[in-house]
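Residues per chain are reported as follows:
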Amino acid sequence: MLGFEKIAGPYSFNQKSENQHNMTNDLQGQEVRKMRNAHLTCGNQVGLELFEFEEPRRTQVPKGEYDGFFHLCLLVDDIEAVANRIEATGGKKTSEMWNTRNGKPYYLQYCEDPFGNILELYNKSTELMYGNKEN
């Protein structure tokens, strides 16, 4: 939906079928018994690793309480089209589209994925959006 390409996985981990000393439990903690993960790329050397913790499952924290990253910003060609795809797949638009530089076609918009994670969409690089900008 966001233009990432899967390059590896999804991998499944089940602690019962692993050696007592294994990479997943070393990296994620001994309490993780079952999980899946996959590696994606968007083709410009940016990677994204997705995790699904199956046992124990993560619980949702109340809105407004910190539970990980604040937001993820993605550079997309067409903000409106991507925001519409996010909505069509269970997410939502949480802001209008904003212009960050008067007289320039530099836009951003906030959305949420179906799990409540905030996705910020830029149509230009951070360097163009904010570099050498006056107050």
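Quick caveat, the model's predicted, so the values are computed rather than measured.

S.K.: Looking at this structure, how should I read the overall build of the protein?
M.R.: Scanning the protein from terminus to terminus reveals three helices and eight strands. Overall, the protein shows an N-to-C arrangement of helices and strands of β-α-β-β-β-α-β-β-β-β-α. A globule of 135 residues ought to have a C-alpha radius of gyration of about 14 Å, yet the protein, at 18 Å, is considerably larger. Its C-alpha atoms put the protein at 60 × 35 × 30 Å along the principal axes. Here the protein holds 135 residues, and the buried ones make up 26% of them. Sequence separation of 24 or more characterises 43% of the internal contacts of the protein that already satisfy a separation of 6 or more. Put simply, the protein shows about 9,900 Å² of open surface, and 49% of that area lies on carbon and sulfur atoms. Across the protein, the centroid of the 15 positively charged side chains sits 2 Å from that of the 20 negatively charged ones.

S.K.: What is the right way to read helix α2 (residues 79-88) from this model?
M.R.: Residues lying three or four places apart along an α-helix face the same way, a consequence of the helix completing one turn every 3.6 residues. Listed as buried for α2 are Ile79, Val82, Ala83 and Ile86. End-on, the buried residues of α2 take up no more than an arc of 100 degrees, which puts them together on one face. The elements touched by buried residues of α2 are β5 (92-93), β7 (107-112) and β8 (118-122). Where α2 begins, the side chain of Asp78 points an oxygen toward the backbone nitrogen of Glu80, at a separation of 3.3 Å.

S.K.: When you look at the state of the cysteines in this model, what are you seeing that I'm missing?
M.R.: Here a disulfide denotes a covalent bond joining the sulfur atom of one cysteine to the sulfur atom of another. For the structure on display, the rule yields zero disulfides. Cys111 takes part in no disulfide bond, and the closest cysteine sulfur, belonging to Cys73, lies 11 Å away.

S.K.: Mind showing me how you'd approach the nonpolar core here?
M.R.: Side chains of a nonpolar character, in soluble globular proteins, are inclined to be buried together. In this structure, Leu74, Val76, Ile79, Val82, Ala83, Ile86, Cys111, Leu119 and Leu121 together form the largest nonpolar core, which totals nine residues. Elements represented by at least two residues in this core include exactly α2 and β8. Once residues within four sequence positions are removed from consideration, Ala83 is found in contact with Lys93, Gln109, Cys111 and Leu121.

S.K.: Please clarify how the side chain of Glu120 should be interpreted in this entry.
M.R.: As for its placement among the helices and strands, Glu120 is situated in strand β8. Residues in contact with Glu120, not counting those within four places in the same chain, are His71, Leu72, Cys73, Leu74, Leu108, Gln109 and Tyr110.

S.K.: How should I be thinking about the side chain of Gln109 in this particular structure?
M.R.: With respect to the helices, strands and loops of the structure, Gln109 is situated in strand β7. The class of Gln109 is buried, set by a relative accessible area of 6%. There is a polar contact of 2.9 Å between the side chain of Gln109 and the backbone oxygen of Ser95. With near-sequence residues (within four places) excluded, Gln109 lies in contact with Ile79, Ala83, Lys93, Ser95, Glu96, Met97, Leu119, Glu120 and Leu121.

S.K.: I would appreciate a short explanation of the environment of Lys124 in the present structure.
M.R.: Mapping Lys124 onto the fold places it in the loop between β8 and α3 (126-130). Judged by its relative accessible area of 27%, Lys124 falls in the partly exposed class. Sequence separation between Lys124 and Leu108 is 16 residues; the distance between their C-alpha atoms is 8.6 Å. If we ignore the near neighbours within four places in the chain, the residues touching Lys124 are Leu75, Pro105, Tyr106 and Met129.

Parameters and conventions
Residues numbered from 1 in each chain as written. Predicted model: local features only at pLDDT ≥ 70, side-chain atom pairs only at ≥ 80, totals over all residues. Heavy atoms only, no water. Helix = DSSP H or I, 4+ residues; strand = E, 2+ residues; numbered from the N terminus. Rg over C-alpha atoms; globule rule 2.2 N^0.38 Å. Buried < 20%, exposed > 50% of the residue type's maximum accessible area, 1.4 Å probe, protein only. Contact = heavy atoms within 4.5 Å. Areas by Shrake-Rupley, 256 points an atom, 1.4 Å probe, with all protein chains shown as cover. Lys, Arg positive; Asp, Glu negative; His and termini not counted. Charge placed at Lys NZ, Arg CZ, Asp CG, Glu CD. Arc of directions from axis to C-beta. Polar contact = N/O pair within 3.5 Å; in protein donor to acceptor, adjacent residues only side chain to side chain. Disulfide = S-S within 2.5 Å. Core = buried A, V, L, I, M, F, W, Y, C linked by side-chain atoms within 4.5 Å.

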